[in-house]
Amino acid sequence: YVIGKGGSEMEIITGSTPQDLSHVNITNTNYAASSMLNGDQFAKVFGGSTGDDQDWFLLTIKGYNGASLVDSTEFYLADYRFSDNSLDYSVDQWTEVQLGWANVTNVTFGLTSSDNSGGYMNTPSFFAMDDIVMENTVGIQEENVVLSLYPNPANDVINISLDGAAN
């Protein structure tokens, strides 16, 4: 997994072929989660002392093809805006975020929070990301190929036979 921060950008390096970005797994970092749960020298406890403060921590993911926006999605890493406080949450496990974007060359990540002061966000601006699933089916031609491996089990040599493969 990787730790991202607000303003992070992921460039998809695939030569000149854009990718289809299917989904990604996202969660809070320990630092951000602990800060929202307990507060710290900069940030407040989310929900406040009564649990009624309307706090939130939002990750905005944007996919681009060059300079053109393909699509964007928002994912709340924490949401304390519910009138029923039992529904308030801070993400504490890997969560699959569906994207379904075609022809993406780069992705940006922005973080915003309800906890701000002096023009700056007090919530630690970090998130964790794993299992970035990309697909590229451009130019792939389906073939009927029979793959044989023998003998099985093998001691020294494994024979590989491909019937019906172009390459």
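I will try to describe carefully the structure that is included in this document. (Residues numbered from 1 in each chain as written. Predicted model: local features only at pLDDT ≥ 70, side-chain atom pairs only at ≥ 80, totals over all residues. Heavy atoms only, no water.)

### Brief notes about helix α1 (residues 30-38)
What α1 keeps buried is the set Ala 32, Ser 35 and Met 36. Seen from one end, α1 has its buried residues packed into an arc of 95°, which puts them on one side. Relative to its buried face, α1 has exposed residues pointing more than 90 degrees away, namely Asn 30, Leu 37 and Asn 38. As for α1, its buried residues are in contact with β3 (19-28), β4 (56-65), β5 (68-79), β6 (89-90) and β11 (126-135). (Buried < 20%, exposed > 50% of the residue type's maximum accessible area, 1.4 Å probe, protein only. Helix = DSSP H or I, 4+ residues; strand = E, 2+ residues; numbered from the N terminus. Arc of directions from axis to C-beta. Contact = heavy atoms within 4.5 Å.)

### Some details on the sheet that holds β4
An order of β2-β8-β4-β5-β6 is seen for the five strands of this open sheet, with the pairing classed as antiparallel. Each having just a single partner strand, β2 (8-11) and β6 make up the two edges of the open sheet. As judged from the four bridges shared by β2 and strand β8 (residues 106-113), these two strands associate in the antiparallel manner. Within β8, the position partnered with Glu 9 by the bridge is Thr 108. (Pairing = 2+ DSSP bridges.)

### Some remarks on the sheet that holds β11
Here we have four strands laid out as an open sheet, ordered β1-β11-β3-β7, and antiparallel in their pairing. Strands with a single pairing partner mark the edges of an open sheet, and in this sheet they are β1 (2-5) and β7 (95-104). Neighbour-to-neighbour, the strand axes of the sheet open up by a mean angle of 40°, direction not taken into account. Contacting β3 and β11, α1 runs over the sheet at an angle of about 50° to β3. (Axes fitted to C-alpha atoms, helices over the stretch in contact; angles between N-to-C directions.)

### Some details on the nonpolar core
Across soluble globular proteins, nonpolar side chains show a tendency to be buried alongside one another. With 25 residues, the main nonpolar core has Ile 26 and Val 107 as its most contacted residues. Contributing elements (two or more residues each) for this core: β3, α1, β4, β5, β7, β8 and β11. If near-sequence neighbours (up to four positions away) are discounted, Ile 26 is found in contact with Leu 59, Phe 75, Leu 77, Val 91, Gln 93, Trp 94, Thr 95, Val 97, Phe 127, Ala 128 and Met 129. (Core = buried A, V, L, I, M, F, W, Y, C linked by side-chain atoms within 4.5 Å.)

### What to know about the environment of Lys 5
Looking at where Lys 5 falls in the secondary structure, it is placed in strand β1. Along the chain, Lys 5 and Leu 59 lie 54 residues apart, while their C-alpha atoms are 9.7 Å from each other. Lys 5 has contacts with Phe 109, Leu 111, Ser 125, Phe 126 and Phe 127, leaving out every residue within four places of it along the chain.

### Considering the environment of Met 36
Residue placement: Met 36 occurs in helix α1. In this structure Met 36 comes out as buried when scored by relative accessible area, which is 1%. In contact with Met 36, not counting residues within four places along its chain, are Asn 28, Lys 44, Val 45, Phe 46, Phe 57, Ala 78, Ser 90 and Thr 123.

### Let's talk about the side chain of Ser 113
In this fold, Ser 113 is placed in strand β8. Within the structure, Ser 113 has its side chain in polar contact with the backbone nitrogen of Asp 115 (distance 3.0 Å). When near neighbours in sequence (up to four residues on either side) are disregarded, Ser 113 contacts Phe 46, Trp 56, Phe 57, Met 121 and Thr 123. (Polar contact = N/O pair within 3.5 Å; in protein donor to acceptor, adjacent residues only side chain to side chain.)

### Description of the packing of aromatic side chains
Summed over all chains, the structure comprises five aromatic pairs. Ring centres 6.1 Å apart and planes at 40° place the aromatic pair Tyr 31 and Phe 126 in the tilted group. One end of the pair, Tyr 31, is in helix α1; the other, Phe 126, is in strand β11, and 95 residues separate them in sequence. Judged by relative accessible area, Tyr 31 falls into the partly exposed class, the value being 46%. The class of Phe 126 is partly exposed, set by a relative accessible area of 28%. Seen in terms of ring centroids, Phe 82 and Tyr 89 are 6.4 Å apart; in terms of plane orientation they differ by 40°. Their pairing is tilted. Judged by relative accessible area, Tyr 89 falls into the partly exposed class, the value being 32%. (Phe/Tyr/Trp six-rings, centres within 6.5 Å; stacked < 30°, edge-to-face > 60°.)

Read these as geometric descriptors, not functional statements.
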